[in-house]
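# Notes for the structure review
Here are the chains, one letter per residue:
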Amino acid sequence: MQNCAARLVTNTPFQSTLDNVFLTLHWLKVKLRIPYKLMLIVHNCLQHKAPNKVGSLLKYSDSKRTMNLPETRVNNSFGNRSFEHTAPKLWTLLHRAIRDEPNTIYFKKKLNSFLMTRGDEYLQWIKRK
C-alpha cells in the first residue's frame, strides 16, 4: 500500500525503485516504522512519559550514564518478539547521540533522520546480534 501511495503521489513509474521517492517524501519504509515506534515508546518510558506498567518492563543496566538497557533472555520465537527482549536490544544498538536526547520532538527528528539514511544497515546489525 505504501509503495502504491508513493507512486501515486509522485507519479513514479512502476519500473523504478522507490528509495529516492521515500527520501523525497520523508517517509519511513514499513519495516523501519516498527523500530521507530518501539524506540519512541522506550524513549517515553525512560523520560517517564509512558504508563507505569509499560515503563516497569524496562530497567537501566548498572550505569545510568550509558543509558544501556539489559536484554532479557528468551527460549523461543515468541519471546524473541516480546517488548522486554526487543526494545532493550534496539535501544542499546541505537547511536548514543540519539539515545541521549531528552526532548521527545528532537528525539523523533534524530531517530527519523537516522532510520531514513542508515535504517537498512541498522536492521542488518540487529539481525546479527
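Above this text sits the structure in question.
So, here is what we can say about the structure in this document. None of the values given here were measured: they were computed from a predicted structure. (Residues numbered from 1 in each chain as written. Predicted model: local features only at pLDDT ≥ 70, side-chain atom pairs only at ≥ 80, totals over all residues. Heavy atoms only, no water.)

### Brief notes about the overall build of the chain
Keep this limit in mind: Comment: elements are numbered from the N terminus, with helices defined as DSSP H or I runs of at least four residues and strands as E runs of at least two. Only protein chains enter the calculation, and the probe is 1.4 Å; a residue is then buried if its accessible area is under 20% of its type maximum, exposed if over 50%, and partly exposed in between. Note on contacts: a residue pair qualifies if any of its non-hydrogen atoms lie within 4.5 Å across the two residues. For the area figures, the Shrake-Rupley method with a 1.4 Å probe applies, and any residue is considered shielded solely by the protein chains shown.
Broken down by element type, the chain carries 8 helices and 0 strands. Each helix and strand of the chain, placed in order from N terminus to C terminus, yields the pattern α-α-α-α-α-α-α-α. The buried share among the 129 residues of the chain stands at 36%. In the chain, of all internal contacts separated by at least 6 residues, the share reaching a separation of at least 24 is 53%. Accessible surface, the chain: about 8,700 Å² in total, of which carbon and sulfur atoms supply 56%.

### Regarding the layout of surface pockets
Spelled out, the test is: Both cavities and pockets are sets of points on a 1 Å grid over the protein atoms alone; in a cavity a 1.4 Å probe fits but cannot get out, in a pocket the set is open with protein on both sides within 12 Å along at least five of seven lines, and lining residues sit with an atom within 4 Å of a point. Grid points are joined across faces, edges and corners, and a volume is the space filled by probe spheres set on the points. Only Asp, Glu, Lys and Arg are considered charged in this grouping, and only Ala, Val, Leu, Ile, Met, Phe, Trp, Tyr, Cys and Pro are considered nonpolar; every other residue, Gly among them, is considered polar.
Approximately 370 Å³ is the volume found for the largest pocket. Elements supplying a minimum of two residues to the lining of the largest pocket: α3 (30-46), α6 (83-93) and α8 (104-128). For the lining of the largest pocket, the per-class residue count stands at 6 nonpolar, 4 polar and 4 charged.

### Describing the nonpolar core
The condition that has to hold: Each nonpolar core is a collection of buried residues, namely Ala, Val, Leu, Ile, Met, Phe, Trp, Tyr and Cys, held together in the definition by side-chain atoms within 4.5 Å.
Ranked by size, the top nonpolar core spans 25 residues in total, and within it Met39, Val42 and Leu94 carry the most contacts. Listed by contribution, the elements that provide at least two residues to this core are α3, α6 and α8. Once residues lying within four places of it in the same chain are set aside, the contact partners of methionine 39 are Ala87, Leu90, Trp91, Leu94, Phe107, Leu111 and Tyr122.

### What about the pattern of salt bridges?
Using the following cut-off: Any Lys or Arg side-chain nitrogen found within 4 Å of a carboxyl oxygen on Asp or Glu counts as a salt bridge.
In total, this model carries 6 salt bridges according to the counting rule given. Of the charged contacts, one joins lysine 29 and aspartate 19 as a salt bridge, the two residues approaching to 3.0 Å between their closest N and O atoms. Taken together, the residues lysine 29 in the loop between α2 (19-25) and α3 and aspartate 19 in helix α2 connect sequence positions 10 residues apart. For the salt bridge of lysine 31 with aspartate 120, the shortest nitrogen-to-oxygen distance reads 3.4 Å. Highlighted residues: lysine 31 in helix α3 and aspartate 120 in helix α8, separated in sequence by 89 residues. Judged by relative accessible area, lysine 31 falls into the partly exposed class, the value being 46%. Judged by relative accessible area, which is 34%, aspartate 120 ranks as partly exposed. Connected via shared salt-bridge partners are Asp19, Lys29, Lys31 and Asp120.

### Remarks on the packing of α3 against α8
What counts here: In this analysis an axis means a line fitted to C-alpha atoms, helices contributing only their contacting stretch, and an angle means the value between N-to-C directions, from 0 to 180 degrees. The crossing is said to be left-handed when, going from far helix to near helix, the turn is anticlockwise and less than a right angle, and right-handed when the turn is clockwise.
The N-to-C vectors of α3 and α8 enclose an angle of 140°; their axes lie 10 Å apart at closest approach. Considering the relative orientation of α3 and α8, their crossing is right-handed. Touching Lys31, Leu32, Pro35, Tyr36, Met39, Leu40, His43 and Asn44 of α3 are Thr104, Phe107, Lys108, Leu111, Asn112, Leu115, Gly119, Asp120, Tyr122 and Leu123, all from α8. Per-class residue counts for the contact of α3 with α8 are 10 nonpolar, 5 polar and 3 charged.

### Description of the packing of aromatic side chains
We apply this condition: In summary, the pairing rule links any two rings of Phe, Tyr or Trp, Trp by its six-membered ring, whose centres are within 6.5 Å, and it sorts them by plane angle into stacked for under 30 degrees, edge-to-face for over 60 and tilted for everything else.
All told, the structure shown has 3 aromatic pairs when counted by the stated rule. Between the aromatic rings of tryptophan 91 and phenylalanine 107, the centroid separation amounts to 5.9 Å while the plane-to-plane angle is 35°, which identifies the pairing as tilted. One end of the pair, tryptophan 91, is in helix α6; the other, phenylalanine 107, is in helix α8, with 16 residues separating them in the sequence. Each of the two residues, tryptophan 91 as well as phenylalanine 107, counts as buried. Between phenylalanine 114 and tyrosine 122, the ring centres sit 5.4 Å apart and the planes meet at 75°, which makes this aromatic pair edge-to-face.

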